[in-house]
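Tertiary structure, described
So the chains spell out like this:
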Amino acid sequence: MAEMRTAPTRMALSQTKKKLQTAQRGHKLLKDKRDELMRRFLALLEDNRQRRGQLQAELEVYYRQMACARAQLGQ
């Protein structure tokens with residue numbers, strides 16, 4: 001961690017405390033933002049997983065139909 005050199009006065013102490021509060025508030029906001037983005041990302045993953053399953057099921061049906069059509073028509 002970087003070392004800060006400040007004058008040993010009450011004014012410097014109050015300024016440093018304000019900086020610390022601001023940094024802590026910013027850190028909490030970034031954590032909240034990260035958590036919300038992860039929640040949205042996981043929701044998108046679940047939606048993608050469901051759609052992929054639906055698409056796979058539909059493709060299986062169409063491939064079976066295509067195989068039947070080829071068998072009936074021949075090459």
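On a predicted model such as this, the values are computed, not experimentally measured, just so you know. (Residues numbered from 1 in each chain as written. Predicted model: local features only at pLDDT ≥ 70, side-chain atom pairs only at ≥ 80, totals over all residues. Heavy atoms only, no water.)

1. Thoughts on the overall build of the chain
Along its length, the chain carries one helix and zero strands. A compact globule built from 75 residues should have a C-alpha radius of gyration of about 11 Å, whereas the chain, at 30 Å, is more than 25% larger. Along the longest, intermediate and shortest principal axes, the C-alpha atoms of the chain span 95 × 20 × 10 Å. A burial count over the chain gives 1% of its 75 residues as buried. (Helix = DSSP H or I, 4+ residues; strand = E, 2+ residues; numbered from the N terminus. Rg over C-alpha atoms; globule rule 2.2 N^0.38 Å. Buried < 20%, exposed > 50% of the residue type's maximum accessible area, 1.4 Å probe, protein only.)

2. Looking at a nonpolar patch on the surface
Together, L55, L59, V61, Y62 and Y63 line one region of the surface with nonpolar side chains, adding up to about 520 Å² of accessible area. Within the element layout of this structure, L55 appears in helix α1 (residues 10-73). (Patch = residues over 30% accessible without salt bridge, like charges linked within 9 Å, V, L, I, M, F, W, Y side chains within 5 Å. Areas by Shrake-Rupley, 256 points an atom, 1.4 Å probe, with all protein chains shown as cover. Salt bridge = Lys/Arg side-chain N within 4 Å of Asp/Glu carboxyl O.)

3. Section: α1
Its 64 residues give α1 an end-to-end C-alpha distance of 93 Å, which sits within 8% of 94 Å, the value for a rise of 1.5 Å per residue. Phi for G74, located one or two positions after α1, is positive at around 85°. (Expected span 1.5 Å × (residues − 1).)

4. Here we look at the pattern of salt bridges
This structure, assessed with the given rule, holds seven salt bridges. Its salt-bridge partner being R51, residue D47 comes within 3.2 Å of it at the nearest N-O pair. With D47 and R51 both in helix α1 and four residues apart, the pair spans about one turn of that helix. According to the relative accessible area criterion, D47 is partly exposed, its value standing at 31%.

5. Observations regarding the environment of D35
With respect to the secondary-structure elements, D35 resides in helix α1. Residue D35 is classed as partly exposed on the basis of its relative accessible area of 42%. D35 sits ten residues away from R25 along the chain, and the two C-alpha atoms are 15 Å apart.

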